[in-house]
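# Structure assessment
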Amino acid sequence: MNETDESASEPVASGHCLCGGVSYEVHGPIRQVWNCHCWRCRRWTGHYMAATGCMRSDLRLVSDSTLTWHHPADDPNVAYGFCRECGASLFWKVIEGQLDQVDTIAICAGTLDLPSGLHTERAIFVDDAADYHKLDPVVPAWDRE
């Protein structure tokens, strides 16, 4: 993540947590939204994770004074970024292991400033979806990623 370099380009997207302790800009391509229903995303967000993503080098943290990373003991190759002040879920990243994802970072779509211009492109890990939740039949769905 580019925390210190100022980018001359206008951000493609921006967002922040509930209290404003963490704010960010994306200065490059941003992926459409994926809804992840895996058990870990359900526990971390309280429902399912609706996330977009970008290259880590395109994410600029404008303010990160309250950003904290959780590293699950059962999967040390991933990390979840959240605001330690308001508790907002913000980011998800692979630390090592899944080489095709090491250079990217997921951004919780609910933290984006509107209008985002994005749409929900797919749902993943739908076999793990909560029993109270009705999946949108229009959104393409996968049992895995």
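Please refer to the structure placed before this passage.
Residues numbered from 1 in each chain as written. Predicted model: local features only at pLDDT ≥ 70, side-chain atom pairs only at ≥ 80, totals over all residues. Heavy atoms only, no water.

### Overview of the pattern of salt bridges
- All told, the structure shown has 2 salt bridges when counted by the stated rule.
- A salt bridge links Asp-74 to Arg-40; the shortest N-O distance between them is 2.4 Å. In this pair, Asp-74 is assigned in the loop between strand S6 (67-70) and strand S7 (78-83) and Arg-40 in helix H1 (residues 39-45), connecting sequence segments 34 residues apart.
- With a closest N to O distance of 3.7 Å, Asp-75 and Arg-40 form a salt bridge. Placement of the pair is Asp-75 in the loop between S6 and S7 and Arg-40 in helix H1, with a sequence separation of 35 residues.
- Under the relative-accessibility criterion, Arg-40 is labelled buried at 14%.
- Salt bridges linked by common partners bring Arg-40, Asp-74 and Asp-75 together as one network. (Salt bridge = Lys/Arg side-chain N within 4 Å of Asp/Glu carboxyl O. Helix = DSSP H or I, 4+ residues; strand = E, 2+ residues; numbered from the N terminus. Buried < 20%, exposed > 50% of the residue type's maximum accessible area, 1.4 Å probe, protein only.)

### A look at the packing of aromatic side chains
- What the rule picks out here adds up to 3 aromatic pairs.
- Measuring from centroid to centroid gives 4.8 Å for Trp-44 and Tyr-80, while their planes differ by 55 degrees, and the two rings are tilted. With Trp-44 in helix H1 and Tyr-80 in strand S7, the pair connects residues that are 36 residues apart, well separated along the chain.
- Under the relative-accessibility criterion, Tyr-80 is labelled buried at 3%. (Phe/Tyr/Trp six-rings, centres within 6.5 Å; stacked < 30°, edge-to-face > 60°.)

### As for the pairing of strand S9 (residues 104-108)
- The buried fraction of S9 amounts to 4 of the 5 residues, a majority that puts the element mostly inside the structure.
- Of the strand pairs in this sheet, strand S4 (residues 49-55) and S9 are connected by 5 bridges, and their pairing is antiparallel. Along S9, the bridge assignment pairs Thr-52 with Ile-107.
- Two elements, strand S8 (residues 89-94) and S9, share 3 bridges in a ladder whose sense is antiparallel. Paired with Trp-92 across the two strands is Ala-106, which belongs to S9. (Pairing = 2+ DSSP bridges.)

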